[in-house]
Amino acid sequence: MKPRPVKGMPDILPDASARWQYLEGVVRDIVQSYGYREIRLPLVEQTDLFKRSIGEVTDIVEKEMYTFEDRGGESLTLRPEATAGMVRAGITNGLLHNQRQKLWTAGPMFRRERPQRGRYRQFHQFDVEALGYEGPDVDAELILMCARMWRRLGIDRIRLEINSLGLPEARARYRDTLVEYFSSVKNQLDQDSIRRLEQNPLRILDSKNPDMQALIEAAPVMLDFLDEASAQHFDELKALLDGAGVGYTVNPRLVRGLDYYNRTVFEWVTDALGSQGAVCSGGRYDGLVEKLGGRPTPAIGWAMGIERFVALFEECGGKVAPGEADVYLVAVGDKALGEAFAVAEELRDAIAGVRIEVNLGGGSFKSQLKRADKSGAAYALIMGEQEIADRQIGVKPLRHDAGQEAVARDEIAARLGAMLAET
Ligand code: ATP
Ligand code: MG
C-alpha cells in the first residue's frame with residue numbers, strides 16, 4: 001500500500017519552492033530593513049501556553065489544536081500561531097528586562113481546520129512582533145512595512161482594514177451591551193454563538209457562519225465604546241497612515257479570532273483568493289506578556305499566511321523563474337566526465353549563483369542532450385573527445401535559435417558569464 005500524506009498538509013514541490021524562496025527573501029529583507037531580527041522558536045510548546053494566550057473559547061483552542069501527551073506525560077501542542085511562543089521566549093530568555101525587542105520568525109503552524117484552497121492544517125506564517133513599544137508610531141510602522149512589500153512585489157489587489165478594541169475596561173462595557181443585544185435575538189443564534197454568548201460574546205463577531213452575518217452587521221460596535229486614550233491612539237494611527245499615504249477602511253466588526261488583542265487590530269484582505277481573503281493580520285496585545293508571567297510590556301505584531309501571499313502574488317501577475325539549471329554539461333567519452341567535473345567547479349567559482357548540472361549516469365550524446373533540454377537550462381556545454389583534444393567546449397543555446405559556438409577551454413568562464421548576464 002502506498003503511503004498517503006496527512007490531510008491538509010501538502011508538500012511544497014520544487015517549482016513552487018522557488019517562488020517561496022524568492023518571496024520569503026523579499027519579506028525578510030524588508031522586515032530587516034526596519035530593524036527586526038530573526039528569532040527561531042520550537043514548533044512545540046506546552047499546551048497551557050496556547051490556552052492562556054489565545055484563549056479557551058476560541059476556534060483554535062476549542063477544536064483546532066494538535067495536542068498530545070509526550071512520553072513523560074506532559075501535554076504538548078504543535079504551535080497554531082507564533083505570538084505565544086515569541087512572548088514565552090521573551091520571558092524565559094529575559095529579553096524583555098529593560099529592553100525593547102523587534103523580532104521576526106517564520107515557519108509552519110498547525111491547525112486542524114477543514115482543508116480548502118488557502119486553508120490547510122499545516123500552513124506557514126511570516127511573523128513580526130515589536131515588544132516593549134507602546135505605539136501608535138510602531139503600529140503605523142508595522143503597517144507601512146506591509147505596504148512596502150505589496151508595492152515592491154506589484155501586489156495591488158489588497159486593502160487594509162483597521163479597528164480598535166480599546167482597553168479591557170472599555171471592552172467589558174461593550175461586552176455587556178453585546179450580551180444584551182445577542183440575548184435579545186438568541187433564538188436566531190447558531191450553536192457556537194449561543195455557547196459564546198455566555199463565555200466570550202465578542203467571539204460571535206468573528207463567526208464565519210453566513211447565517212450569522214446579518215445579526216452581526218446589526219450589532220453595536222466597539223468603536224462607540226472606546227476609552228479616551230484608546231480613541232486618541234486610534235486617531236494618531238490614522239493620522240500617521242494618512243500622512244504616509246496608506247489607504248484603509250475602518251471596519252468596526254474586525255475583532256480577530258484570538259483573545260489577547262486590545263487597541264489596534266488590522267487585516268490586509270484581498271478579493272483575489274475567494275473566501276480565504278485574509279493575507280496578513282495583526283494587532284496589539286498589551287496585556288499578554290504580563291498575563292504569561294512577564295513584566296507589563298506593551299506589544300504588537302502581525303502574521304502573514306505564506307500560502308495566501310504566494311497565491312496572491314501570482315494572481316497579481318507576479319512570476320518567478322522555477323529555479324532550474326542555467327547550464328547543463330554534456331560529457332561523452334572516457335576522459336570527458338573528469339574534465340566536466342573540473343569545468344563545472346571552475347564555473348561555480350567564477351559565476352556567482354550559477355546553477356550547473358553535470359550529466360550523471362552517462363549515455364549517448366543524443367540522450368544527454370535530451371536531458372539537457374528537459375533540465376530547463378539555457379545552455380548546454382558540450383564536451384566530447386574532439387572538444388577535449390582541442391581544448392575547447394561547445395556552447396549550445398537551448399532556448400533560442402543561435403547556433404553552437406566553440407569556446408576555448410580557458411575562456412569558458414568569461415564567455416559563459418557574459419552570455420548568462422545577457423539572458
Ligand atoms: P482566517 O480568518 O482566514 O481563519 P485567522 O484570523 O485565523 O484567518 P490568523 O490566526 O490571524 O488568521 O493568522 C494570520 C494569517 O495566517 C492569516 O491572515 C492567514 O493569511 C493565515 N492563515 C491562518 N489560518 C490559515 C490556514 N489554516 N491555512 C493557511 N493560512 C492560514
Ligand atoms: Mg482562522
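Model, not experiment: these values are computed from the prediction.

Moving on: the packing of helix 1 (residues 14-32) against helix 5 (residues 137-153). Viewed as axis vectors pointing N to C, helix 1 and helix 5 meet at an angle of 140 degrees, and their least axial separation amounts to 10 Å. In terms of their interaxial angle, helix 1 and helix 5 are classed as oblique. For the element pair helix 1 and helix 5, the recorded crossing hand is right-handed. Facing helix 1, whose interface residues are Tyr22, Leu23, Val26, Val27, Ile30 and Val31, helix 5 presents Met145, Arg148, Met149, Arg152 and Leu153. For the contact of helix 1 with helix 5, the per-class residue count stands at 9 nonpolar, no polar and 2 charged.

Residues in contact with ligand 1 amount to 16 residues; listed here are only the nearest, Arg111, Glu113, Arg256, Ala278 and Ser281. At a separation of 3.1 Å, an oxygen atom of ligand 1 approaches a polar backbone atom of Val279. Taking Ser281, its side chain carries an N or O atom lying 2.7 Å from an oxygen atom of ligand 1. Here ligand 1 has 580 Å² of accessible area as a free molecule, and 92% of this is covered by the chains.

Enumeration over the complete set of coordinates arrives at 26 salt bridges. Two residues, Asp192 and Lys63, come together in a salt bridge whose shortest N-O distance is 3.2 Å. Of this pair, Asp192 sits in helix 7 (residues 191-199) while Lys63 sits in helix 3 (residues 59-64), placing them 129 residues apart in sequence. Close ionic contact of Arg159 with Glu161 constitutes a salt bridge, the shortest N to O distance being 2.9 Å. Each of Asp59, Glu62, Lys63, Asp192, Arg195 and Arg196 takes part in a single network of salt bridges with overlapping partners.

In terms of burial, strand 5 (residues 101-110) is a largely internal element, 8 of the 10 residues being buried. Sheet analysis places strand 1 (residues 37-38) next to strand 5, joined by 2 bridges and oriented parallel. When the sheet's bridge partners are listed, Glu38 is paired in strand 5 with Trp104. As paired elements, strand 5 and strand 6 (residues 122-131) share 10 bridges and run antiparallel to each other. Across the sheet, Trp104 pairs through a bridge with Val128, a residue of strand 6.

The sheet built from 3 strands is open, its strands ordered 2-4-3 with antiparallel pairing. The outermost strands of the open sheet, each flanked by one partner alone, are strand 2 (44-46) and strand 3 (67-69). Between one strand axis and the next, the sheet turns through 35 degrees on average, direction left out of account. Bridge count between strand 2 and strand 4 (residues 75-78): 3 bridges; the pairing is antiparallel.

Burial analysis of helix 4 (residues 83-92) places 7 of its 10 residues in the buried class, which makes it a mostly covered element. For helix 4, the complete set of buried residues consists of Thr83, Ala84, Gly85, Met86, Val87, Ala89 and Gly90.

Once that is clear, we can look at unusual backbone geometry. Cis rather than trans, the peptide bond between Gly135 and Pro136 has omega equal to 5 degrees. With respect to the secondary-structure elements, Pro136 resides in the loop between strand 6 and helix 5. Phi is positive for Asn98, which is not a glycine, with a value near 50 degrees. Here Asn98 shows up in the loop between helix 4 and strand 5. At Arg263, a residue that is not glycine, the phi angle is positive and equals roughly 45 degrees. Turning to its location among the elements, Arg263 is positioned in strand 9 (residues 262-269).

Time to look at the sheet that holds strand 1. Within the open sheet, the 8 strands sit side by side as 1-5-6-11-10-9-7-8. Their pairing is mixed. Each having just a single partner strand, strand 1 and strand 8 (249-250) make up the two edges of the open sheet. Of the strands in this sheet, strand 5 and strand 6 are in contact with helix 4, which crosses strand 6 at around 45 degrees. Running over the sheet, helix 9 (residues 228-244) touches strand 7 (159-164), strand 8, strand 9 and strand 10 (278-284) and is turned about 160 degrees from strand 7.

Let's shift gears to the packing of helix 5 against helix 9. Helix 9 packs onto helix 5 with a crossing angle of 40 degrees between their chain directions and a minimal axis gap of 9 Å. It follows that helix 5 is oblique to helix 9 by the angle criterion. Crossing geometry of helix 5 relative to helix 9 is assigned as right-handed. Every residue of helix 9 that contacts helix 5 at Asp137, Asp139, Ala140, Ile143 and Leu144 is listed here: His233, Leu237, Leu240, Leu241 and Ala244.

Moving on: the domain arrangement of the chain. What the domain assignment lists for the chain is domain 1 (14-167 + 227-315) and domain 2 (327-422). The centre of domain 1, based on its C-alpha atoms, is set 47 Å off from the matching centre of domain 2.

Time to look at the nonpolar core. In terms of nonpolar packing, the biggest core is built from 47 residues, with Tyr36, Trp150, Trp268, Trp302 and Met304 touching the most fellow members. Considering each element in turn, this core owes the most residues, 10 residues, to helix 5. In this structure Met304 touches Val27, His124, Gln125, Phe126, Met149, Trp150, Val279, Cys280 and Phe309, once residues within four positions along its chain are discounted. Residues Leu165, Leu178, Val185 and Tyr261 belong to the second largest nonpolar core, which totals 44 residues.

Together, Leu337, Phe341 and Leu360 make up an exposed nonpolar region whose accessible area comes to about 290 Å². Of note, Leu360 is situated in the loop between strand 13 (356-358) and helix 13 (365-374). In this structure Leu360 comes out as exposed when scored by relative accessible area, which is 58%.

Reading guide: rules and limits
- Residues numbered from 1 in each chain as written.
- Chains lettered and ligands numbered in written order.
- Predicted model: local features only at pLDDT ≥ 70, side-chain atom pairs only at ≥ 80, totals over all residues.
- Heavy atoms only, no water.
- Axes fitted to C-alpha atoms, helices over the stretch in contact; angles between N-to-C directions.
- Helix = DSSP H or I, 4+ residues; strand = E, 2+ residues; numbered from the N terminus.
- Parallel < 35°, antiparallel > 145°, perpendicular 65-115°, else oblique.
- Left-handed = near helix turned anticlockwise from the far one by under 90°.
- Contact = heavy atoms within 4.5 Å.
- Nonpolar A, V, L, I, M, F, W, Y, C, P; charged D, E, K, R; others polar.
- Near = heavy atom within 4 Å.
- Polar contact = N/O pair within 3.5 Å; in protein donor to acceptor, adjacent residues only side chain to side chain.
- Areas by Shrake-Rupley, 256 points an atom, 1.4 Å probe, with all protein chains shown as cover.
- Salt bridge = Lys/Arg side-chain N within 4 Å of Asp/Glu carboxyl O.
- Buried < 20%, exposed > 50% of the residue type's maximum accessible area, 1.4 Å probe, protein only.
- Pairing = 2+ DSSP bridges.
- Domains from an automatic or database assignment.
- Core = buried A, V, L, I, M, F, W, Y, C linked by side-chain atoms within 4.5 Å.
- Patch = residues over 30% accessible without salt bridge, like charges linked within 9 Å, V, L, I, M, F, W, Y side chains within 5 Å.

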